[in-house]
2 protein chains.
Amino acid sequence: MAPSADVSGASLPMGTQEHTTRQSNPYQPVGDFLSNVSRFKLIESTLREGEQFANAFFDTETKIKIARALDDFGVDYIELTSPAASEQSRLDCEAICKLGLKAKILTHVRCTMEDAKIAVETGVDGLDVVIGTSHFLREFSHGKDMEYITKSAIEVINFIKSKGLEVRFSSEDSFRSDLVDLLSLYRTVDKVGVNRVGIADTVGCASPRQVYDLVRTLRGVVSCDIEVHMHNDTGCAISNAFCALEAGATHVDVSVLGIGERNGITPLGGLMARMIVSDREYVTKKYKLHKLKEIEDLVAEAVQINTPFNNYITGFCAFTHKAGIHAKAILNNPSTYEIIDPADFGMTRYVHFASRLTGWNAVKTRVGQLGLTMTDEQVKLVTTKIKALADVRPIAIDDADSIIRSFHLSLDSDAPAAPAVST
Amino acid sequence: MAPSADVSGASLPMGTQEHTTRQSNPYQPVGDFLSNVSRFKLIESTLREGEQFANAFFDTETKIKIARALDDFGVDYIELTSPAASEQSRLDCEAICKLGLKAKILTHVRCTMEDAKIAVETGVDGLDVVIGTSHFLREFSHGKDMEYITKSAIEVINFIKSKGLEVRFSSEDSFRSDLVDLLSLYRTVDKVGVNRVGIADTVGCASPRQVYDLVRTLRGVVSCDIEVHMHNDTGCAISNAFCALEAGATHVDVSVLGIGERNGITPLGGLMARMIVSDREYVTKKYKLHKLKEIEDLVAEAVQINTPFNNYITGFCAFTHKAGIHAKAILNNPSTYEIIDPADFGMTRYVHFASRLTGWNAVKTRVGQLGLTMTDEQVKLVTTKIKALADVRPIAIDDADSIIRSFHLSLDSDAPAAPAVST
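Every value quoted in this text rests on a predicted model; they were computed, and no experiment measured them.

Draft legend 1. Expanded view of the overall build of chain A. The number of helices and strands found in chain A is 15 helices and eleven strands. Projected onto its principal axes, the C-alpha positions of chain A cover 90 × 45 × 35 Å. When the 423 residues of chain A are sorted by exposure, 64% land in the buried category. Considering only contacts in chain A between residues 6 or more positions apart, those separated by 24 or more positions represent 74%. Of the roughly 14,900 Å² of accessible surface on chain A, a fraction of 50% belongs to carbon and sulfur atoms. Where the 45 positive side-chain charges of chain A centre and where its 55 negative ones centre are 3 Å apart.

Here you go:
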């Protein structure tokens, strides 16, 4: 979505800003040996979970474009739709494996020998195996009991390992599964030698402290890596991923703009926003953050959606400051009302001054941008005029500028009252 | 945003669904005496925080419409822009106080006698007083020290109480303030007799477990209510509000679609999604959830934005199911892949069957909706045909229906092969 006409603002120079001033709160938790917040890995699933988004249809060319862009961004893994889903899905999987990307290529398969056999032939680096373990899915989806699930899991895992590929084993709907069943299953597959186990909040019901507790418990049961897959139905997908990392998870599933089944999963950009606040150095060194908007635009166009107005980092208002009190402080030091430096993502800041909530500090900056000179008293006077008009109707940047210029002109014609103008 | 043409789907009857089957996970935390998850109150701030959204300009008529709609929805409080912001803000505040709404009316003021004096004359039920306490805001915004802040707070609070009004005292940027300063200040204002203290994550940097810890600590220091105000810059606004309630907070600030400074705060709809999963009875009895979409549409139009494609509950894909394995289970029992019943919000579910990820269970339902009869084997065969076309290009519901009808016709002309068709 393009900024609408009445989003008037003044872009600030970025060079004046010091990253060291973006410090976190003074009583952040002390170092925690469990936490992987500073060494997490991304499993990018736009080409798997994202393909399950209502609007998604990716042809081969688009899939390749997206895969290359994600690889360039620096994601650790790219996950693809199961080659068992359709013939074209299989061909696309093979095509992407042949691109020679730095990212490892994974495909996502049901826990059956049939699917695994098709998948191992595509050239992928690893398989993400999944099976439903909640009583809902056991009853209404596949109809299998835990004994059967365990037996299939061992068979499929051993087969994938025999092909020399990475294997992840995940339950589906983990947060509505029986804890003892789940831990028992994970302990078994860990002993069989999986690279990762996965925890999936398939319906988006989990809450952050619940995620922390489950992952921390699991951390004590398995020695392999732990991946988490969080849906966003109740608005916790980013938080839940973060709390999982705090509890010892190692890998997070994301998709561009969060697209996936229903309203989707943890978004790549949103997770970057969360993680850069926690460890700016790790995130900025590992990922090409200034490519984020380009990737989002590519995917948004492919699935015919608008980037949400309030999207993390790239939404049109993410770095727009409006209330007078905010504008004043931001002009003094951006860290006052910003925890993320827009320049890290190649974005810019706007200080909104054409509204009734504006303050004279914001107007003063605008006066300077227009190349005019006024005393503080004069700026305060013209601010009153801007607020008065903005009180009656929405005003655009042009309107505010006109008021400033007209006021400045009246000062010129009244020289004794405004000696500062001529300097 | 209107659903685009290729979101083909089959709406399911709602009456078949039992709410009792939407149970939570089997190992949810046991009852916690600190938690207010089942008795939270809403402070709706679309007309204050929301007015600080880049695009917002609410004229008096729009403000009144929004206030009435929120009141009808059942919010406990409606918070308005400070009457000190502009003359029209003051007049609008008076006008809304005169509507005789069930919700209490609050206005949000800086911690100064000047602002408080203007506000108490408007007819509001209470004042939300705020002052910055982080070293950033003390240095770059108002330039006051903690001693000065404490002194002003006491004076302003006593003045408001002398007028018989409710008073909340909040720090700004609480999560980057010194913990000891903060607790000391809150203990003081609690003793002076405030109704609520507020914790504000003004820059959106806080994480869920950090919020839990701070609110739980504060719960042991003050005896008054605790309000939280969470910005969403790093995607934790809903989670942080939820964790605050778990730790003993009583009131949550929200705005429609989350609109506010930058990318906004905890959204009303998103919080409803979170809370209905935690306590369906409390939420459905207290709030008119089926009015949510109407309120969101009203505000979206007033500030000229599109509802995000992935918006909680009301986004066009919130209840759309696409992958074959999901569709099959949803058709058996919606709880398998849905934690929220769309009917609670007057919304409907779509099972997407016109894609290459479809499965024969979804197609079988569509065959039934078209009034056709086929054996399972025949449905599986036509599913292959649909997937084959969907593998080549995006297909619309009409395309899939055409394939089904054409296939069904071919069965009629080949009677011996399809005896079930004629029954």
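Once the structure has been displayed, the description carries forward.
Draft legend 2. View of the UniProt feature "domain: Pyruvate carboxyltransferase" (unreviewed entry) in chain A. Sequence positions flagged by UniProt for "domain: Pyruvate carboxyltransferase" (unreviewed entry) are, in local numbering, residues 40-293 of chain A. Regarding residues 40-293 of chain A, the helix share stands at 44% and the strand share at 18%, and the terminal C-alpha atoms are separated by 22 Å.

Draft legend 3. Region of the structure containing the sheet that holds strand 9 (residues 251-254) of chain B. Residue and element names in this part refer to chain B. Pairing within the closed barrel is parallel, and its eight strands lie in the order 2-3-4-5-6-7-8-9. Geometrically, the sheet is characterised by an average inter-axis angle of 25° between neighbouring strands, direction not taken into account. In terms of strand pairing, strand 2 (residues 41-44) meets strand 3 (residues 77-80) through two bridges, oriented parallel. Bridging from a neighbouring strand, E44 pairs with I78 of strand 3. Its contacts with the sheet place helix 3 (residues 113-120) against strand 4 (104-110) and strand 5 (126-132), and it is angled at close to 160° to strand 4. The sheet strands contacting helix 7 (residues 208-219) are strand 7 (196-201) and strand 8 (225-230), and the helix crosses strand 8 at an angle near 160°.

Draft legend 4. Quick look at the sheet that holds strand 4 (residues 104-110) of chain A. All names here are of chain A. Read around the closed barrel, eight strands run 2-3-4-5-6-7-8-9, paired in parallel fashion. Strand-to-strand twist of the sheet, defined as the mean angle between neighbouring strand axes without regard to direction, takes the value 25°. Pairing geometry for strand 4 and strand 5 (residues 126-132), over five bridges, is parallel. Bridged to L106 within strand 5 is G126. Sheet strands touched by helix 9 (residues 268-278): strand 2 (41-44) and strand 9 (251-254). Its angle to strand 2, the strand with the most contacts, is close to 170°.

Draft legend 5. Geometry of the relation of the copies chain B and chain A. With an axial shift of 0.0 Å and an RMSD of 0.0 Å, the rotation relating chain B to chain A amounts to 180°. Look at the turn and shift together and you get a two-fold axis relating the two. Residues of chain B ranked by C-alpha distance from the rotation axis are headed by P308 of chain B, positioned 2.3 Å from it. Mapped onto chain A, 100% of the interface residues of chain B are again interface residues, and the two copies thus contact each other with one and the same surface.

Draft legend 6. Structural detail: the interface of chain B and chain A. Residue-level contacts link 107 residues of chain B with 107 residues of chain A. Both sides together, the interface formed by chain B and chain A hides about 8,900 Å², and carbon and sulfur atoms give 56% of it. Our count for the contact surface shared by chain B and chain A stands at four salt bridges. Run the count over chain B and chain A and you get 37 residue pairs in polar contact (both at pLDDT 80 or more). Residue composition of the side of chain B that touches chain A, by class: 47 nonpolar, 37 polar and 23 charged.

Parameters at a glance
Residues numbered from 1 in each chain as written. Chains lettered and ligands numbered in written order. Predicted model: local features only at pLDDT ≥ 70, side-chain atom pairs only at ≥ 80, totals over all residues. Heavy atoms only, no water. Helix = DSSP H or I, 4+ residues; strand = E, 2+ residues; numbered from the N terminus. Buried < 20%, exposed > 50% of the residue type's maximum accessible area, 1.4 Å probe, protein only. Contact = heavy atoms within 4.5 Å. Areas by Shrake-Rupley, 256 points an atom, 1.4 Å probe, with all protein chains shown as cover. Lys, Arg positive; Asp, Glu negative; His and termini not counted. Charge placed at Lys NZ, Arg CZ, Asp CG, Glu CD. UniProt positions renumbered as here; feature names shortened; annotations may be inferred. Pairing = 2+ DSSP bridges. Axes fitted to C-alpha atoms, helices over the stretch in contact; angles between N-to-C directions. Least-squares fit on C-alpha atoms with pLDDT ≥ 70 in both. Buried area = accessible area lost by both parts, 1.4 Å probe. Salt bridge = Lys/Arg side-chain N within 4 Å of Asp/Glu carboxyl O. Polar contact = N/O pair within 3.5 Å; in protein donor to acceptor, adjacent residues only side chain to side chain. Nonpolar A, V, L, I, M, F, W, Y, C, P; charged D, E, K, R; others polar.

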